[in-house]
Amino acid sequence: MQKTQSQVSGRMNRTGSVGLFLAFVVALGLVALLIMHYSESNDSLIPWKGSELNRYVAPDVKPWEEDKLIWGGGPLEGYDMSAKRPPFASQPKIENRLTYEVKLADGDKPMGTLTASVLSNFDALASWKGQFEIDGRRYTADIWEYKFTKKSLNAFSGNIYPLKIYKDSTGEDRKKLYFITKGHYELRGEEKGDVRGGTAYVNGWVSKDFSAEGTLSIQNFDEDKDLILKWGPVDPIKK
């Protein structure tokens, strides 16, 4: 029996559809394999809500240029930070609160004690306390309540930011986990009315072994001079 043109055309269409479907399945499988293979080493394949422009912040940027990395402020410069982002598989897994305590120093001058914590819910906290001298005058830092907002002074809050990549003279280290906090500091002198205050940042990097290092940073601390106090590396306090 002679096949009609419509029968031949129908079979060709079905064959073509099957071929396209198989090609789609193969392509989907290849994409899945690529994501599984590179998810640890190439973080850019991980979905992320927000701007793709400059998603990896420059390693040497100053903390006061990183306000957009702190959650809770709403969308800023194209970023949507409403959802908390857990660490990548290659970074430290924060199952329990990590707390670090370290003595700060500006050269050989003591600058009080810094306490920083990274929490299992991906938040980060820090505080600055102590008595020390600045320009020959003695100041005290403690956790005081700011009378206008009822918020704590010398206490800082923020979060982790897994997308930032650590980089130094030896190269990149994608296994380190970045955190950043911000708050209002106030240093009270011995003389009445002698007060220094403003915005301060405590940030740092948590390594795979859970040790951490970072800075306490204040822009224009002494006129136009920034104060950047490095701390660590230090191991977390054992409970």
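Preceding this paragraph is the structure being described.
A few points on the structure.

**A look at the overall build of the protein**
For the protein, the helix and strand inventory stands at 1 helix and 11 strands. Start at the N end of the protein and walk to the C end: the helices and strands fall as α-β-β-β-β-β-β-β-β-β-β-β. Classification of the 239 residues of the protein by burial places 38% in the buried group. For the protein, the accessible surface area stands at approximately 14,700 Å², while carbon and sulfur atoms represent 54% of it.

**Points about a negative patch on the surface**
Where like charges cluster on the molecular surface, the negative patch consists of Asp222, Glu223, Asp224 and Asp226. The topology assignment puts aspartate 224 in the loop between β10 (212-222) and β11 (225-234).

**Quick word on unusual backbone geometry**
Following glycine 232, the chain continues into proline 233 via a peptide bond in cis, with omega recorded as 5 degrees. You will see that asparagine 154, though not glycine, has its phi angle at about 60 degrees, which is positive. Within the fold, asparagine 154 resides in the loop between β4 (137-141) and β5 (155-160). For asparagine 154, a relative accessible area of 0% puts it in the buried group. Even without being a glycine, glutamate 223 presents a positive backbone phi close to 60 degrees. Turning to its location among the elements, glutamate 223 is positioned in the loop between β10 and β11.

**Focus: the pattern of salt bridges**
Summed over all chains, the structure comprises 9 salt bridges. A salt bridge links glutamate 66 to lysine 164; the nearest nitrogen and oxygen atoms lie 2.5 Å apart. Note that glutamate 66 is positioned in the loop between α1 (5-38) and β1 (98-106) and lysine 164 in the loop between β5 and β6 (166-168), a separation of 98 residues in sequence. Each member of the pair, glutamate 66 as well as lysine 164, is classed as buried. We note a salt bridge from arginine 174 to glutamate 172, for which the minimum N-O separation is 3.7 Å. On the accessibility criterion, arginine 174 (26% relative accessible area) is partly exposed.

**Thoughts on the packing of aromatic side chains**
Applying the stated criterion to the full structure yields 6 aromatic pairs. Residues tryptophan 128 and tyrosine 185 carry aromatic rings whose centres are separated by 6.1 Å and whose planes lie at 45 degrees to one another, so their mutual orientation is tilted. On the criterion of sequence distance, the pair formed by tryptophan 128 in strand β3 (residues 123-134) and tyrosine 185 in strand β8 (residues 177-189) is long-range, its members being 57 residues apart. Tyrosine 185 carries the same exposure label as tryptophan 128, and that label is buried. Consider the rings of tyrosine 178 and tryptophan 205, whose centres lie 4.8 Å apart with planes at 50 degrees: the pair is tilted. Of this pair, tyrosine 178 sits in strand β8 while tryptophan 205 is found in strand β9 (residues 195-206), placing the two residues 27 residues apart along the sequence. Judged by relative accessible area, which is 9%, tryptophan 205 ranks as buried. When the ring centre of tyrosine 166 is taken as origin, the NZ or CZ atom of lysine 176, which lies over that ring, is 4.9 Å away. Above the face of the phenylalanine 221 ring, arginine 196 is positioned so that its terminal group lies 5.1 Å from the ring centre.

**Quick word on the side chain of glutamate 186**
Tracing the backbone through its elements, the reader meets glutamate 186 in strand β8. At 2.8 Å, the side chain of glutamate 186 and the side chain of arginine 188 are in polar contact. Other than its neighbours up to four places away in sequence, glutamate 186 contacts Thr140, Ala141, Trp144, Leu153, Asn154, Val195, Arg196 and Gly197.

Calculation notes
Residues numbered from 1 in each chain as written. Predicted model: local features only at pLDDT ≥ 70, side-chain atom pairs only at ≥ 80, totals over all residues. Heavy atoms only, no water. Helix = DSSP H or I, 4+ residues; strand = E, 2+ residues; numbered from the N terminus. Buried < 20%, exposed > 50% of the residue type's maximum accessible area, 1.4 Å probe, protein only. Areas by Shrake-Rupley, 256 points an atom, 1.4 Å probe, with all protein chains shown as cover. Patch = residues over 30% accessible without salt bridge, like charges linked within 9 Å, V, L, I, M, F, W, Y side chains within 5 Å. Salt bridge = Lys/Arg side-chain N within 4 Å of Asp/Glu carboxyl O. Lys, Arg positive; Asp, Glu negative; His and termini not counted. Charge placed at Lys NZ, Arg CZ, Asp CG, Glu CD. Phe/Tyr/Trp six-rings, centres within 6.5 Å; stacked < 30°, edge-to-face > 60°. Lys NZ or Arg CZ within 6 Å of the ring centre and 35° of its normal. Polar contact = N/O pair within 3.5 Å; in protein donor to acceptor, adjacent residues only side chain to side chain. Contact = heavy atoms within 4.5 Å.

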